[in-house]
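What follows is the residue order along each chain.
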Amino acid sequence: MAAKPIAGSIVQARGIHKHFGALHVLKGVDLLLAERELVFVIGPSGSGKSTLLRCLNRLEEPSSGSVMVDGVDMLDARTDINHARQRIGMVFQSFNLYPHMTALGNVTLALRKVAGKTRNEADTLGHAALARVGLADRAGHTPGQLSGGQQQRVAIARAIALEPRVMLFDEPTSSLDPELVGSVLGVMRDLRESGMAMIVVSHEMGFARNAADRVVFMDEGAIVEEGTPAEIFERPVQERTRAFIGQIQRH
Amino acid sequence: MNSWERFVDAFFNVKVMAKYLPDIAYGMLVTVELAALVIAAGLVTGLALALVRSLGFRPLNLLIIFVVDLFRALPPLVIIVFIYFGLPAVDIAPSGFVSTWLSLTLVLMAFSEEIYWAGITSIAKGQWEAARSTGLSYGQTLMHVVLPQALRLTIPPLTNRTIAITKGTALGTVVAVSEILGMASSAVSNSYNPSPLTMGAIAYLILFFPMVIFGRWLETKMAWKR
Ligand SMILES: Nc1ncnc2c1ncn2[C@@H]1O[C@H](COP(=O)(O)OP(=O)(O)OP(=O)(O)O)[C@@H](O)[C@H]1O
Ligand SMILES: [Mg+2]
């Protein structure tokens, strides 16, 4: 049962439930993302943050609920899921670059195979995307020849080259050495300034304070509390939010 | 004749060798032909089975696993004899060449399927997810992302297994295939001298030694890159 799209909202997830066998991982999550909005998702390990993101582009099949992205019903059997996924960029904690291809090859594969570009068109777009993440001079390098931060930026280029309407980030800096985190956050900030709608799961509270419009706190498969960064970080209302914020600020 | 001369006369009799050289050369040709057909058909059907298996259709996969295990368990000679002497009972009478080819192909198919399958499943789930998240279909992901990486991993074990099974072409001699061993044996019985067997052994070395070296080289080369 698909809800009508709300004008101006790019992602509209309603009543998302997800079961893994007996495990009830998402318990009726509602999430709206407006155009140009950046929503930051925090929560303890195992609270279902990754699963929620993965339900949005259907890497994971929600057990029930509805997901509309850019006006397209993602769960409708008639939706061409491969086409729809081009509108939703995803960046993973472990980069997941294709190790047998160059940076440019990584970025252009879907442009050629999904978006139907010729090799020349794809190369042009690919170089432009790599330039946007500051890696114009690394197009011919393979992932093994790049630092973690550079690899993650290639992964971002791979996603944005398809001109998505929304970008999902699942702990994009969690597996990076501290000195490499800044370059990736910098690219994300640029992306946000260009007006990209984003959902970011991360522990980078500094980034959230600066860049997030809204912070969502999840626990045990449900959204416990949401608000502006100031509201969630300085004056959380719920006891569980307060405990979690207190815990991460001690670190 | 002292015993050294008798040894040389038995295994390195130049006159006999010269006489049967064309026969052994012909046997080499047949062996190469048989081997090439086994390698081509075995490796292709093995890959096809592994790809079908990756679709994850359970009843089909159980069937594939059964067939693969069957041909991994049976001695190749048993399969050859079964096809050559057994099938005529149902009015199919494949030649010795076809029987040998079919048997070794089935065995190579079975072993290579397992190797391909291990390669495919060893590719991290994240590769699939990244590719699918950009809109690549299942088939495109397999073709452009997973297989190129998986095949790379499979080359060394695949080479070794291919050599081992291809050497089984010598079994064709049991069903009258005129490959190296077959030609050498009949030369021995015609000349009452075992020298043709020496030539046969040398012929096998000429064919398979380079393959073994190549396999060893591939293995070290792949081991460095990780
Ligand atoms: N494919 C799966 N099969 C079974 N259980 C799963 C699967 N994926 C996730 N889970 C379980 O679902 C729960 C939520 O996992 P999820 O990865 O969404 O949490 P998370 O909030 O992203 O945690 P983290 O901060 O550790 O990344 C966990 O208990 C996890 O073990
Ligand atoms: Mg997670």
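Refer to the structure presented above.
Notes on the structure in this doc start here. Here the structure is a predicted model, which means the values were calculated and not measured.

Another point: the overall build of chain A. Each helix and strand in chain A was counted, giving nine helices and ten strands. Radius of gyration (C-alpha) of chain A: 18 Å, near the 18 Å computed for a compact globule of 251 residues. Taking all 251 residues of chain A together, 55% fall into the buried category. For chain A, the accessible area works out to roughly 10,700 Å², and carbon and sulfur atoms hold 48% of it.

Moving on, we come to the side chain of Lys-18 of chain A. Residues and elements named next belong to chain A. You can see Lys-18 is positioned in strand S1 (residues 9-20). Lacking a salt bridge, the buried Lys-18 has Glu-60 as its closest oppositely charged neighbour, with an N-O distance of 4.4 Å. Discounting chain neighbours no more than four positions away, the residues touching Lys-18 are Leu-23, His-24, Val-25, Leu-26, Thr-51, Glu-60, Glu-61, Pro-62 and Ser-63.

Our focus in this paragraph is helix H8 (residues 180-191) of chain B. All names here are of chain B. Under the 1.5 Å per step criterion, the end-to-end length of H8 is 16 Å for twelve residues, consistent within 8% with the ideal 16 Å. Along H8, the positions that sit buried rather than exposed are Ile-180, Gly-182, Met-183, Ala-184, Ala-187 and Ser-191. Residue Glu-179 occupies the N-cap position of H8, its side-chain oxygen lying 3.2 Å from the main-chain nitrogen of Leu-181. Among the residues trailing H8, Tyr-192 stands out with phi positive, at a value near 55°.

As a further point, take the environment of Thr-118 of chain A. Positionally, Thr-118 of chain A belongs in the loop between helix H3 (103-113) and helix H4 (119-132). In this structure the C-alpha to C-alpha distance between Thr-118 of chain A and Arg-58 of chain A, which are 60 residues apart in sequence, comes to 28 Å.

Residue and element names in this part refer to chain A. Close contacts around ligand 1 come from Phe-20, Leu-23, Val-25, Pro-44, Ser-45, Gly-46, Ser-47, Gly-48, Lys-49, Ser-50, Thr-51 and Glu-171, and that covers them all. One nitrogen or oxygen atom from the side chain of Ser-50 is found 2.7 Å from an oxygen atom belonging to ligand 1. The separation between an oxygen atom of ligand 1 and a polar side-chain atom of Glu-171 is 3.4 Å. Against a free-state accessible area of 640 Å², the protein chains account for coverage of 60% of ligand 1. Breaking the shell around ligand 1 down by element, the ones donating at least two residues are strand S2 (23-34) and helix H1 (49-56). Counting residues per element, the shell around ligand 1 draws most heavily on H1, which supplies three residues. Of the residues that constitute the shell around ligand 1, the class distribution is four nonpolar, six polar and two charged.

Of the residues lining the interface, 17 residues belong to chain B; the matching set on chain A comes to 21 residues. Buried area between chain B and chain A, summed over both chains or domains, comes out near 1,600 Å², and the portion from carbon and sulfur atoms is 57%. Connecting chain B to chain A are one salt bridge. Salt-bridge contacts for Glu-129 of chain B lead to Arg-54 of chain A; the nearest nitrogen and oxygen are separated by 2.9 Å. Viewed at the interface, chain A and chain B are joined by six residue pairs in polar contact (both at pLDDT 80 or more). Contributing elements (two or more residues each) for the side of chain B that touches chain A: helix H6 (125-133) and helix H7 (138-166) of chain B. No other element matches H6 of chain B, which puts eight residues into the side of chain B that touches chain A.

Turning to the pairing of strand S8 (residues 197-201) of chain A, a few remarks are in order. The two faces of a sheet get side chains in turn, since along a regular strand they alternate between them. Residues and elements named next belong to chain A. In terms of burial, S8 is largely enclosed, as five of its five residues are buried. Two strands pair when backbone bridges link them, and strand S3 (residues 38-42) and S8 are joined in this way by four bridges, in the parallel orientation. Across the sheet, the residue bridging to Leu-38 is Met-198, located in S8. Here strand S7 (residues 166-170) runs beside S8; their pairing, made up of five bridges, is parallel. Residue pairing for S8: Val-166 is matched across the bridge by Ala-197. Each parallel crossover has a hand, and the one from S7 via helix H6 (residues 178-193) to S8 is right-handed.

It is worth spelling out the sheet that holds strand S4 (residues 64-69) of chain A at this point. All names here are of chain A. Pairing within the open sheet is antiparallel, and its four strands lie in the order S2-S1-S4-S5. The sheet is open, and its two borders are formed by S2 and strand S5 (72-73), each paired with just one other strand. Relative to S4, S1 runs antiparallel, the two being bridged by five bridges. Bridged to Val-11 within S4 is Val-69. Running at roughly 60° to S2, H1 makes contact with S1, S2 and S4 of the sheet.

What counts, and where the lines are drawn
- Residues numbered from 1 in each chain as written.
- Chains lettered and ligands numbered in written order.
- Predicted model: local features only at pLDDT ≥ 70, side-chain atom pairs only at ≥ 80, totals over all residues.
- Heavy atoms only, no water.
- Helix = DSSP H or I, 4+ residues; strand = E, 2+ residues; numbered from the N terminus.
- Rg over C-alpha atoms; globule rule 2.2 N^0.38 Å.
- Buried < 20%, exposed > 50% of the residue type's maximum accessible area, 1.4 Å probe, protein only.
- Areas by Shrake-Rupley, 256 points an atom, 1.4 Å probe, with all protein chains shown as cover.
- Lys, Arg positive; Asp, Glu negative; His and termini not counted.
- Salt bridge = Lys/Arg side-chain N within 4 Å of Asp/Glu carboxyl O.
- Contact = heavy atoms within 4.5 Å.
- Expected span 1.5 Å × (residues − 1).
- Polar contact = N/O pair within 3.5 Å; in protein donor to acceptor, adjacent residues only side chain to side chain.
- Near = heavy atom within 4 Å.
- Nonpolar A, V, L, I, M, F, W, Y, C, P; charged D, E, K, R; others polar.
- Buried area = accessible area lost by both parts, 1.4 Å probe.
- Pairing = 2+ DSSP bridges.
- Right-handed = clockwise from strand over helix to strand, strands pointing away.
- Axes fitted to C-alpha atoms, helices over the stretch in contact; angles between N-to-C directions.

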